[in-house]
Amino acid sequence: MTRSIIRTALGAAAVATALGGIAAPAFAQRDPAYAAARAAGQVGEKMDGYLGIVGAETAELRRVVNDINIKRRAVYAERAQANNATLEEYALTAGCQAILATTPGEKYQAPDGTWQTRTSAAPLRDSRCP
């Protein structure tokens with residue numbers, strides 16, 4: 001399979017993930033603690049496809065983030081295998097789509113690793129994003 005076909009397949013699968021097409025992460029993200037942390041800018045989408053803590057960490061915030069990330073990793077592993085890709089390739093593509101799906105006011109990780117607040121403009125994304 002060529003690199004282009006893999007990226008296209010990963011992109012389509014990641015879009016489904018980002019839009020809630022996967023039950024486990026979508027369910028986990030309905031957690032009121034997650035919603036509150038996201039709205040408060042305490043968590044954000046990372047380039048690697050996982051959720052990150054922005055600023056001060058608490059035990060409860062770490063628990064929420066770890067729970068979501070464990071579920072995301074399980075989905076990424078399953079989808080990567082189904083798409084003949086590595087876990088890292090799939091997670092990066094999912095991260096690109098999750099960052100793209102952020103709304104104004106939400107936090108995301110820019111390609112340089114800094115945390116940014118989404119504005120009405122398109123977010124800064126890695127050049128490897130589909």
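As shown above, the structure is provided for reference.
Conventions we followed
Residues numbered from 1 in each chain as written. Predicted model: local features only at pLDDT ≥ 70, side-chain atom pairs only at ≥ 80, totals over all residues. Heavy atoms only, no water. Pairing = 2+ DSSP bridges. Helix = DSSP H or I, 4+ residues; strand = E, 2+ residues; numbered from the N terminus. Axes fitted to C-alpha atoms, helices over the stretch in contact; angles between N-to-C directions. Contact = heavy atoms within 4.5 Å. Salt bridge = Lys/Arg side-chain N within 4 Å of Asp/Glu carboxyl O.

Enquirer: An account of the sheet that holds strand E4 (residues 115–117) is needed here, citing residue identities and associated values.
Expert: Overall, mixed pairing links the four strands, which are arranged E2-E1-E3-E4 in an open sheet. On the outer flanks of this sheet lie strand E2 (51–53) and E4, each paired with one strand and no other. Direction aside, the axes of adjacent strands within the sheet are offset by 40° on average. With three bridges connecting them, strand E1 (residues 43–45) and E2 associate as antiparallel partners. The residue of E2 that forms the bridge with Gly44 is Gly52. Across the face of the sheet, helix H3 (residues 32–39) comes into contact with E1 and E2 while running at roughly 85° to E1.

Enquirer: Give a description of the pattern of salt bridges that names residues and reports values.
Expert: Per the stated rule, a full pass over the model turns up nine salt bridges. The residue Arg72 makes a salt bridge to Glu45 at a minimum N-O spacing of 2.8 Å. Of this pair, Arg72 sits in helix H4 (residues 59–82) while Glu45 sits in strand E1; the two residues are 27 residues apart in sequence, bridging distant segments of the chain. Overlapping salt bridges bring together Arg38, Glu45, Arg72 and Glu106 as one network.

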